[in-house]
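# Structure at a glance
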Amino acid sequence: MEYRTKAAMKIIAGLKKNEAFELFNLVRTIEDKFRENEAFLFQGLQSLDRKTAIELVIDTVNEWENNGELEVPSYLNDSFKSFLELMMSERTQLDEILFEYNCALCPLLQYDLFKSDT
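We now turn to the structure provided with this report. Quick caveat, the model's predicted, so the values are computed rather than measured.

### So, unusual backbone geometry
Residues other than glycine predominantly adopt negative phi, and peptide bonds predominantly adopt the trans conformation. Of note in the backbone geometry, arginine 91 takes a positive phi value of approximately 60 degrees without being a glycine. Note on arginine 91: relative accessible area 24%, which makes it partly exposed.

What follows is the structure in structure tokens.
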């Protein structure tokens, strides 16, 4: 199992099961928004250093939030940003972040390793 999958599992395991599915939908929305903006996908995030790539993606997501194009619940904000930072620091393609989330989510679902609801 890759480092980024294990690290993503830690992020997701800190959530309740229903929150993990909310985050899944949020990651899907983000991936779709990046796909809509093909120029962003292909502007060469891979050629940027990690810090700049992370800042660019986070700034873009923050801009979408400020413009009302995206709504991130406050209780998911830290997990969401941590997941995006992880994906960018590990050089994951923006059009594959949902796949990466899925890879981390499946073992957690299989063994029910989420934060308890109580």
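### With respect to the environment of serine 47
Tracing the backbone through its elements, the reader meets serine 47 in the loop between α3 (38–41) and α4 (50–66). Judged by relative accessible area, serine 47 falls into the exposed class, the value being 64%. Placed 44 residues apart in sequence, serine 47 and arginine 91 show a C-alpha to C-alpha distance of 9.9 Å.

### Details of α4
In this model, α4 (17 residues) spans 24 Å end to end at C-alpha, consistent with the 24 Å of a helix rising 1.5 Å per residue. Three or more residues of α4 are buried, namely Ala53, Ile54, Val57, Ile58, Thr60, Val61 and Trp64. Summarising the axial view, the buried residues of α4 lie within an arc of 155 degrees, below the 170-degree limit, and thus occupy one face. Structural note: α4 exposes Lys51 and Asn66 on the side pointing more than 90 degrees away from its buried face. Its side-chain oxygen placed 3.3 Å from the backbone nitrogen of lysine 51, aspartate 49 serves as the N-cap of α4.

Cut-offs and rules
Residues numbered from 1 in each chain as written. Predicted model: local features only at pLDDT ≥ 70, side-chain atom pairs only at ≥ 80, totals over all residues. Heavy atoms only, no water. Buried < 20%, exposed > 50% of the residue type's maximum accessible area, 1.4 Å probe, protein only. Helix = DSSP H or I, 4+ residues; strand = E, 2+ residues; numbered from the N terminus. Expected span 1.5 Å × (residues − 1). Arc of directions from axis to C-beta. Polar contact = N/O pair within 3.5 Å; in protein donor to acceptor, adjacent residues only side chain to side chain.

Function cannot be inferred from these measures alone, as they are strictly geometric.
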